[in-house]
Amino acid sequence: MEHTEPGGQDWTDGHVNRWLEVLPDLDPDIEGAVTRMKRITRHLRRIREISLADYALERHEFDTLHRLVARAGRATPSELATDLDLAPASVTGRLDALERRGFVRRTPSTTDRRRVDVELTEAGRSTWLSAMDVVGDEEYRLLATLSAEERRTLSDLLRRVALAAEGYHTASAGPPGR
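Along each chain, residues carry numbers from 1 onward, in the same order as the chain's sequence is written. In view of the model being predicted, local features appear only for residues whose pLDDT reaches at least 70, and side-chain atom pairs are presented and counted only at 80 or more, with totals across whole chains, interfaces and linings using the full set of residues. Note that water and hydrogens are dropped before the side-chain values are worked out from all heavy atoms of the structure.

Secondary structure elements are defined from DSSP: runs of H or I of at least 4 residues count as helices, runs of E of at least 2 residues count as strands, and each element is numbered from the N terminus. A count of helices and strands for the protein gives seven helices and three strands. Along the protein, from the amino end to the carboxyl end, the secondary structure elements read α-α-α-β-α-α-β-β-α-α. With the radius of gyration taken over C-alpha atoms, the globule rule is written as 2.2 Å times the number of residues to the power 0.38. Computed over the C-alpha atoms, the radius of gyration of the protein is 21 Å, more than 25% above the 16 Å expected from 2.2 N^0.38 for a compact globule of 178 residues. For the protein, the spread of C-alpha atoms along the three principal axes comes to 65 × 50 × 30 Å. Throughout, exposure labels follow a simple rule: accessible area from a 1.4 Å probe, protein chains only, divided by the maximum for the residue type, with under 20% read as buried, over 50% as exposed, and the rest as partly exposed. For the protein, the residues scored as buried account for 27% of the 178 residues in total. Positive charges come from Lys and Arg, negative ones from Asp and Glu, while His and the chain ends are left out of the count. To locate a charge, take NZ of a lysine, CZ of an arginine, CG of an aspartate or CD of a glutamate. Each charge sign in the protein was given a centre, from 27 positive and 31 negative side chains, and these centres are 6 Å apart.

All right, on to the layout of surface pockets then. Grid spacing is 1 Å over the protein atoms alone, the probe is 1.4 Å, and a cavity is where that probe fits but cannot get out, while a pocket is an open set with protein on both sides within 12 Å along at least five of seven lines and lining residues have an atom within 4 Å of a point. Grid points are joined across faces, edges and corners, and a volume is the space filled by probe spheres set on the points. Estimated volume of the largest pocket: approximately 1700 Å³. The wall of the largest pocket is formed by 40 residues, among which Arg-36, Ile-40, Leu-143, Leu-146 and Leu-154 lie closest to the centre. With 15 residues, the top contributor of residues to the lining of the largest pocket is helix H2 (residues 28-54). Its residues placed into classes, the lining of the largest pocket shows 17 nonpolar, eleven polar and twelve charged. In the scheme used here, Gly and all other residues not listed as nonpolar or charged are polar, with Ala, Val, Leu, Ile, Met, Phe, Trp, Tyr, Cys and Pro taken as nonpolar and Asp, Glu, Lys and Arg as charged.

The next point concerns the sheet that holds strand S1 (residues 74-75). The pairing criterion is simple: DSSP has to find at least two bridges between the two strands. Judged by pairing direction, the sheet is antiparallel, and its three strands sit side by side in the order S1-S3-S2 without closing on themselves. Sheet topology places S1 and strand S2 (104-108) at the edges, where each strand pairs with a single neighbour. As paired elements, S2 and strand S3 (residues 116-120) share five bridges and run antiparallel to each other. When the bridges of S3 are listed, Val-104 appears paired with Leu-120. In this description, contact between two residues means that some pair of their heavy atoms is separated by no more than 4.5 Å. Where helices are involved, their axes are fitted lines through C-alpha atoms of the stretch in contact, as for all axes, and angles between N-to-C directions lie from 0 to 180°. Contacts from helix H5 (residues 88-100) reach S2 and S3, with the element oriented near 110 degrees to S2.

Most peptide bonds take the trans form, and the phi angle of most residues other than glycine is negative. You will see that Ala-56, though not glycine, has its phi angle at about 55 degrees, which is positive. Phi at Asp-85 is positive, roughly 55 degrees, even though this residue is not glycine. Position of Asp-85 relative to the elements: it lies in the loop between helix H4 (77-84) and H5.

The description of an aromatic ring pair rests on the distance of the ring centres and on the angle between the ring planes. Ring pairs are drawn from Phe, Tyr and Trp, using the six-membered ring of Trp, whenever the two centres fall within 6.5 Å, and their geometry is named by plane angle: stacked under 30 degrees, edge-to-face over 60, tilted for the rest. On inspection of all chains with the given rule, the structure shows zero aromatic pairs. Lying over the aromatic face of Trp-11, Arg-18 brings its terminal NZ or CZ to 5.9 Å of the ring centre. Only lysine NZ and arginine CZ atoms are considered, and such an atom sits over a ring when it is within 6 Å of the ring centre and within 35 degrees of the ring normal. Directly above the ring of Trp-11 sits Arg-39, whose terminal nitrogen or CZ lies 4.1 Å from the centroid.

Let us now look at the pairing of S3. Burial of S3 is extensive: four of the five residues sit out of reach of the surface. Sheet topology places S1 next to S3; two bridges connect them, and they run antiparallel. If you follow Arg-74 over to S3, its bridge partner there is Glu-119.

Structure representation (structure tokens):
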């Protein structure tokens, strides 16, 4: 593992310095942290899009496979619709396409004759895993610049920020006038 020593200048340092000239009260640590989070997210999104293209997957196909894997490879269409926050008809179209590609199969439910279960096939799992590996490898490469203790600290700090963001969304989703 290669650890990067602190003190190097990145693109964001120049960005912050330019904005400090315009906004002298700007907190450089907040601007730097937020800008870096955005740039890293954008970088990983580009890696994911390249990976999806390499495996001939559309984003919505990957998302559907991902949710199915998260349910141990088996779910009902309505469970997937809930997980994907989509209307059931939209999920049906996705499943039709994935079934044609051999990534999923629909089977009658063993517990309810009226229901159909969706199962991930080996081809679907293999394709999903291959696409995931590309992104995972890049995540590991980026975070290998930190020691295990630094990664734990980073994760803990980001959790605190994420909880503040989640609390904002929860509070703002309340009843009107709140």
